[in-house]
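Each chain is listed here by its residues.
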Amino acid sequence: MNFREFLQKNTVYLDGGMGTLLQEKGLPPGELPERWNLTHPECITEIHRAYFDAGSHVVCTNTFGANALKFSDEELERIIAAAVENARKAASESSSPKEKFIALDIGPCGRLLKPLGDMDFEAAVALFAKTVRIGASCGVDLVLIETMNDSYETKAALLAVKENSDLPVLVSNAYGENGKLMTGATPAAMVALLEGMGADALGANCSLGPRRLASVAEELLEKASVPVLLKPNAGLPKTVNGKTVFDVTPEEFSREMEALVRKGIRVAGGCCGTTPSYIRETVSRTESLAPVPVTEKNLTVVSSYTHAVEFGGAPVLIGERINPTGKKRFRQALTERDLDYILAEGLRQQEKGAHVLDVNVGLPEIDEPLLLSETVRELQTVLDLPLQIDTANAEAMEKALRCYNGKAMVNSVNGKKESMETVFPLVKKYGGLVVALTLDENGIPSTAEGRVEIARNILKTAESYGISRKDIIVDTLAMTVSADHTAAVATLASLRDVREKLGCQTSLGVSNVSFGLPCRDSINSTFFALALENGLSAAIMNPDSAEMMRTYHSFMALRGMDENCASYIEKIPALLPASSAPVPTVPASKEEGDRSELCYAIVKGLREKAASVTASMLESSSGLSIVENEIIPALNRVGKGFEEKTVYLPQLLMSAEAAKSAFDVIKTRTAKAEATAFSGKVVLATVRGDIHDIGKNIVKLLLENYGFSVVDLGKDVPPEDVVETAVSLHAPLVGLSALMTTTVPAMEKTVSLLHEKAPWCKIMVGGAVLTQEYASAIGADFYAKDAMEGVRYAESLLPKA
């Protein structure tokens, strides 16, 4: 039986941890565990066999970190080939009668992708593709992408699998205690992205024990229409008598996993700290349970890198202002490549209440494929709304969909054969919610029946490409009533029929109805209300229009979608004409009202704007005053939001980059830029054997923007090098990072050596596998659970210069 068939009919058992078992077998601190496929094949085979014997259907090759960043092409091929052979040998030697499969294990590459890091998206795709091609050629049965904490890197890895093999692929992400990925994605956002791209199963692993991952698992089960997998840690690590142990026993683990299997988990295994006994207990408790059927949730949804937006409940507002049609200033911005103007349009629409932004940059005189993808990337650096890719250019559409971080809306396809043959393959490959216009080779039907028939044909054709109707949103086309007084009637009837007869969500470009008429907002807002009552799911509209927004908030209140009319009461006063009688309202906070232009640019992550405003300010203000009164307060505002979980990592990093651009301007203009620096240097390093330096790089960026002098030793740094640097600089603070369980012993050795050779130096540690208890046990002075905690500790420790 092939794995896809097996997955559909059974509860699938994966294996457990590899790193902790290798440490028990003598893996030295700092040694790359993948090399043991070549140097200690008997140990790897023994571990795989133990998992098969414990009841695992699938063992993962010892290739979690096997990529071209760590190994030469020749060594990489040998390592993966040996890893597959070790797993295959274990399967043949196992006494278990169960079906057995071998998964190529792929973990994160250890670098953050642009714009948050320095790695190009296509470079990441190519990196993973090389590993996939080798694994596929060696005959693995499936691919497991796991422990991904960034949605963009997850997409790169999944795309690499899809483009370089036809293997089944399971995708698992590492969620934090807040139920989100490191870069902010919710489980619903990841379901949208991964289902859209065709993952065979999706889920969560690492980070926490099964009880603490239960809420994530339950959200995945609620949203996903494919099997959900769960591979928790054996709780949290701690040190007992110099040995790393985990705080959840096999009995506790299996009991908690049983509860989640009963709720619908279909692929179960373990991660850090779990051993064959954990798998054996889990299998024993659950294998007699009938698999919970995987059901189609029929959710029409798009997503950004942080969250999903569902259609079918509260109406969705799609901001229309990033479009050159009828906008002279916007056309000028496109021809001059004035991206700051475009980004400002996006931010303004977000602040006005748009849920999704339409993005159209089509002009005859520009390179649309290049500019559209660039605009999409830049918009995603400063705001977290899902985007609607609006273009008739197939090349531009593909480039934008490929680089988009999330599941985009696609505007549009229509009933013409050529249109469907062009758009549907792209939607199938990259995922997306495609807008279907009810027109075909014969034009736009004048009747509701004609438009519904075109929609029905589009749905049938989409199905032949493997695209479900939940990923089609039908636009029944608002025509101008100035040319046909019955046009609105036909559109409204079409909306109602599409919802009732076809069961599809709907959208409209609302403002088209008033073209050629005076007082267009009056017509638009009334038509908007009628459309909403006739089944409109989403409106492409101008969120700057007070009349349109009043209609929206009024509809929400009247339709029971605004509890206690809270949103209406909050929003309506600002939408009333200036001549209206005053309505009591809560005043804007002083913090918001007093925000300066530079502060706004930093908070919103506008790099070029921050630099230009700083240059202007230097004509009348000193660099020191700008830093102390503008830049640091802006960073503190964003930092506070991050600590309070209202701001996510991408926003934090882009604000830091904007602050850096302001600092750079000051540094070129005045020597006083250094006046706020703290005394002493902070030394940072990722410990020996670990190439995952994302966390360290984030800490470095923030520390530098707060005025600290940082010496970055990089990744895979021997303890002796860390100590030598700390001693030579008489550094008051060293920060150490580790992602992998197998590299924590190297961190402990580094801490011990620092205490011996540099007793004055304080040591802070961080990383996915660490806890406060663990950090204390290895002798660290401070555990930073995130980058901002590291900054706050440094502020408390180092005096101003």
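Thresholds, definitions, all that
Residues numbered from 1 in each chain as written. Predicted model: local features only at pLDDT ≥ 70, side-chain atom pairs only at ≥ 80, totals over all residues. Heavy atoms only, no water. Helix = DSSP H or I, 4+ residues; strand = E, 2+ residues; numbered from the N terminus. Buried < 20%, exposed > 50% of the residue type's maximum accessible area, 1.4 Å probe, protein only. Contact = heavy atoms within 4.5 Å. Areas by Shrake-Rupley, 256 points an atom, 1.4 Å probe, with all protein chains shown as cover. Domains from an automatic or database assignment. Salt bridge = Lys/Arg side-chain N within 4 Å of Asp/Glu carboxyl O. Polar contact = N/O pair within 3.5 Å; in protein donor to acceptor, adjacent residues only side chain to side chain. Nonpolar A, V, L, I, M, F, W, Y, C, P; charged D, E, K, R; others polar. Pairing = 2+ DSSP bridges. Axes fitted to C-alpha atoms, helices over the stretch in contact; angles between N-to-C directions. Right-handed = clockwise from strand over helix to strand, strands pointing away. Expected span 1.5 Å × (residues − 1). Lys, Arg positive; Asp, Glu negative; His and termini not counted.

1. Describing the overall build of the chain
Okay, so step 1: Scanning the chain for helices and strands turns up 31 helices and 25 strands.
Okay, so step 2: In terms of overall dimensions, the chain has a C-alpha envelope of 80 × 70 × 50 Å along the principal axes.
Okay, so step 3: A buried classification covers 60% of the 801 residues belonging to the chain.
Okay, so step 4: The long-range fraction of contacts in the chain, counting pairs at least 24 apart against all pairs at least 6 apart in sequence, stands at 76%.
Okay, so step 5: Working note: accessible area of the chain is about 30700 Å², and carbon and sulfur atoms make up 50% of it.

2. Describing the domain arrangement of the chain
Okay, so step 1: Per the domain assignment, the segments making up the chain are domain 1 (3-286), domain 2 (300-544), domain 3 (597-672) and domain 4 (676-797).
Okay, so step 2: Here domain 1 and domain 4 have C-alpha centroids that lie 28 Å from each other.
Okay, so step 3: The interface of domain 1 with domain 4 comprises 24 residues on the first partner and 19 residues on the second.
Okay, so step 4: Applying the counting rule to domain 1 against domain 4 returns zero salt bridges.
Okay, so step 5: Our enumeration of links across domain 1 and domain 4 arrives at one residue pair in polar contact (both at pLDDT 80 or more).
Okay, so step 6: Those elements that place two or more of their residues in the side of domain 1 that touches domain 4 are α2 (19-24), β8 (237-240) and β9 (243-246).
Okay, so step 7: Among the residues making up the side of domain 1 that touches domain 4, the classes are represented as 14 nonpolar, seven polar and three charged.

3. Describing unusual backbone geometry
Excluding glycine, most residues fall at negative phi; most peptide bonds, likewise, are trans.
Okay, so step 1: Look at the link from Lys114 to Pro115: it is a cis peptide, with omega at 10 degrees.
Okay, so step 2: Relative to the assigned elements, Pro115 resides in the loop between β3 (101-106) and α6 (121-137).
Okay, so step 3: For the bond running from Asn411 to Ser412, omega is 20 degrees, close enough to zero to count as cis.
Okay, so step 4: In this fold, Ser412 is placed in strand β16 (residues 409-414).
Okay, so step 5: For Asn298, which is not glycine, the phi torsion reads 55 degrees and is therefore positive.
Okay, so step 6: Assignment of secondary structure puts Asn298 in the loop between α11 (276-286) and β11 (300-303).

4. Quick notes on the sheet that holds strand β19 (residues 505-509)
Okay, so step 1: Read around the closed barrel, the eight strands follow the order β13-β14-β15-β16-β17-β18-β19-β20; overall the barrel is parallel. Along the sheet, successive strands turn relative to each other by an average axial angle of 30 degrees, direction set aside.
Okay, so step 2: Pairing of strand β18 (residues 472-475) with β19, which is carried by three bridges, proceeds in the parallel orientation. Looking across to β19, one finds that Ile473 is bridged to Gln505.
Okay, so step 3: Against the sheet, helix α14 (residues 368-382) engages β13 (316-322), β14 (356-359) and β15 (387-390), with an angle of about 170 degrees to β15.

5. Describing the pairing of strand β23 (residues 733-737)
Okay, so step 1: Counted residue by residue, β23 has five buried out of five residues, so it is predominantly covered.
Okay, so step 2: Because side chains alternate across β23, one face comprises the buried residues Leu733, Gly735 and Ser737, and the other comprises Val734 and Leu736, equally buried.
Okay, so step 3: Pairing analysis gives five bridges linking strand β21 (residues 681-686) to β23, with the strands arranged parallel. Its bridge partner being in β23, Leu684 is matched across the sheet by Gly735.
Okay, so step 4: The parallel pair β23 and strand β24 (residues 762-766) is bridged by helix α29 (residues 744-757), and the resulting crossover is right-handed.

6. Regarding the pattern of salt bridges
Okay, so step 1: Counted according to the given criterion, the structure contains 48 salt bridges.
Okay, so step 2: The salt bridge partner of Arg211 is Glu256, with a shortest N-O separation of 2.9 Å. Of this pair, Arg211 sits in the loop between β6 (201-206) and α9 (214-223) while Glu256 sits in helix α10 (residues 250-263), and the two are 45 residues apart along the sequence.
Okay, so step 3: Here Glu256 falls in the buried class, since its relative accessible area comes to 13%.
Okay, so step 4: A salt bridge links Glu374 to Arg337; its shortest N-O distance comes to 2.2 Å. With Glu374 in helix α14 and Arg337 in the loop between α12 (328-335) and α13 (339-352), this residue pair connects regions lying 37 residues apart in the sequence.
Okay, so step 5: Here Arg337 falls in the partly exposed class, since its relative accessible area comes to 41%.
Okay, so step 6: One connected set of salt bridges, linked through shared partners, spans Glu251, Arg255, Glu258, Arg262 and Arg285.

7. Remarks on the environment of Asp118
Okay, so step 1: Residue position: Asp118 is located in the loop between β3 and α6.
Okay, so step 2: With 264 residues separating them along the chain, Asp118 and Val382 place their C-alpha atoms 17 Å apart.
Okay, so step 3: In contact with Asp118, not counting residues within four places along its chain, are Arg111 and Leu112.
Okay, so step 4: Reaching out from Asp118, the side chain makes a polar contact with the side chain of Arg111 at a distance of 3.3 Å.

8. Topic: helix α18 (residues 487-502)
Okay, so step 1: Spanning 16 residues, α18 covers 21 Å between terminal C-alpha atoms, matching the ideal 22 Å at 1.5 Å per step.
Okay, so step 2: Every buried residue of α18 is listed here: Ala487, Ala488, Ala490, Thr491, Leu492, Ala493, Ser494, Leu495, Asp497, Val498 and Leu502.
Okay, so step 3: Contacts from the buried residues of α18 go to α17 (448-464), β18, β19 and α19 (520-533).

9. Describing the side chain of Asp150
Okay, so step 1: Inspection of the secondary structure assignment puts Asp150 in the loop between β4 (142-148) and α7 (151-164).
Okay, so step 2: For the buried Asp150, no salt bridge is present, and the opposite-charge side chain at shortest range is Arg111, 11 Å distant.
Okay, so step 3: In terms of polar contacts, Asp150 uses its side chain to reach the side chain of Thr183, at 3.0 Å.
Okay, so step 4: The residues touching Asp150, leaving out its near neighbours within four places in the chain, are Leu112, Leu181 and Thr183.

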